[in-house]
Amino acid sequence: MDHTKDGQPLYRRILVKLSGEALQGDLGYGLDPAKLARVCQEIKQVVDLGVEVAIVIGSGNLIRGVDFYTAGMDRITADQMGMLATVINGLALQDAFTQQSIPVKVMSAFPVPGLVEVNNTRAAREALKDGTVVIFTGGTGNPLVTTDSAAALRGIEVNAEVVLKATKVDGVFAADPIKNPKAERYKSLTYDEVIEQRLGVMDLNAIFLCRDNSLPLRVFNMNKQGALKRIMLGEDIGTLIKTGE
């Protein structure tokens with residue numbers, strides 16, 4: 001990736017995929033106000049560059065539907081609980097952004113009267129254009145679909161130039177970097193390589209959506225301070241995945 005000139009951001013509009021785990025504290029579950037504030041500060045750094053930011057939030061810090069239905073709960077019910085939990089995370093993020101004087105709007109894929117707006121693509125685009133951070137909750141509004149797919153879908157809908165998947169590791173590796181610290185980090189991949197090598201970057205539906213719509217994806221470590229801003233300024237951080245030439 002080429003570095004930008006004169007400190008101008010590489011992208012004008014981005015979608016950040018945040019896992020629910022990004023908001024939890026050292027206890028391993030729930031919401032940590034300090035983590036919320038830090039995530040918002042990282043986002044604020046790129047908003048201050050003039051970058052328009054949309055966010056898709058997961059729910060793993062509160063509920064992981066897969067854990068419930070593997071324990072015997074009806075899968076549809078478990079997924080619906082997870083979808084509702086993303087709304088809780090969205091409201092928490094909204095409050096944290098508001099405390100830092102960042103304009104913010106929360107939208108849900110399904111109606112939650114009195115709490116958040118129902119997702120509206122045109123309204124989301126207009127809000128982004130005005131410098132408002134838009135937080136998408138509720139996944140796609142359907143069970144059996146992950147928030148990875150929601151991130152790809154919303155990224156396409158709002159005409160984001162890239163999807164940035166925030167993780168706990170420094171990108172995509174040839175092997176599990178936690179089990180093998182010497183595992184090679186890929187600097188770049190094509191979507192077809194991700195599929196062929198079964199790298200598990202995102203679920204396949206999300207990968208296909210991004211590939212078929214020529215939407216680049218960058219996987220990076222959100223825990224590294226300033227990483228998001230450095231990506232915006234052209235640094236080659238994490239792993240860039242895009243459609244092959």
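Basis of the calculations
Residues numbered from 1 in each chain as written. Predicted model: local features only at pLDDT ≥ 70, side-chain atom pairs only at ≥ 80, totals over all residues. Heavy atoms only, no water. Axes fitted to C-alpha atoms, helices over the stretch in contact; angles between N-to-C directions. Helix = DSSP H or I, 4+ residues; strand = E, 2+ residues; numbered from the N terminus. Left-handed = near helix turned anticlockwise from the far one by under 90°. Contact = heavy atoms within 4.5 Å. Nonpolar A, V, L, I, M, F, W, Y, C, P; charged D, E, K, R; others polar. Parallel < 35°, antiparallel > 145°, perpendicular 65-115°, else oblique. Pairing = 2+ DSSP bridges. Salt bridge = Lys/Arg side-chain N within 4 Å of Asp/Glu carboxyl O. Buried < 20%, exposed > 50% of the residue type's maximum accessible area, 1.4 Å probe, protein only.

Draft legend 1. Expanded view of the packing of helix H1 (residues 33-47) against helix H3 (residues 75-99). Contact pair H1 / H3: the axes reach a minimum separation of 9 Å and the direction vectors enclose 65°. Of the two elements, H1 crosses H3, and the hand of that crossing is right-handed. Every residue of H3 that contacts H1 at Leu36, Val39, Cys40 and Ile43 is listed here: Ala92, Leu93, Ala96 and Phe97. Along the lines of polarity and charge, the residues of the contact of H1 with H3 split into eight nonpolar, no polar and no charged.

Draft legend 2. Up close: the environment of Thr77. Tracing the sequence through the fold places Thr77 in helix H3. Considering only alpha carbons, one finds Thr77 and Glu184, 107 residues apart in sequence, at a separation of 39 Å.

Draft legend 3. Geometry of the packing of helix H5 (residues 147-157) against helix H7 (residues 204-212). The contact between H5 and H7 brings their axes to 7 Å, and the two run at 20°. Classified by the angle between their axes, H5 and H7 sit roughly parallel to one another. You can see that H5 and H7 cross each other, and the crossing is left-handed. For the pair formed by H5 and H7, the contact residues are Asp148, Ser149, Ala152, Leu153 and Ile156 on the first element and Asn205, Ala206, Leu209 and Cys210 on the second. Of the residues in the contact of H5 with H7, the class split is six nonpolar, two polar and one charged.

Draft legend 4. Structural detail: the pairing of strand S11 (residues 239-242). Sheet topology note: the strand S9 (residues 188-190)/S11 ladder contains three bridges and is parallel. The residue of S11 that forms the bridge with Thr190 is Lys242.

Draft legend 5. Representation of the pattern of salt bridges. In this structure the tally under the stated criterion is 15 salt bridges. Note that Arg218 is salt-bridged to Asp236, the shortest N-O span being 3.5 Å. Linking Arg218 in strand S10 (residues 217-221) with Asp236 in the loop between helix H8 (227-232) and S11, this pair joins segments that are 18 residues apart in sequence. When its relative accessible area of 0% is taken as the criterion, Arg218 is described as buried. According to the relative accessible area criterion, Asp236 is partly exposed, its value standing at 34%. What you see here is one network of salt bridges that share partners, running through Arg12, Arg13 and Glu52.

Take it as geometry only, folks, not as evidence of what the structure does.
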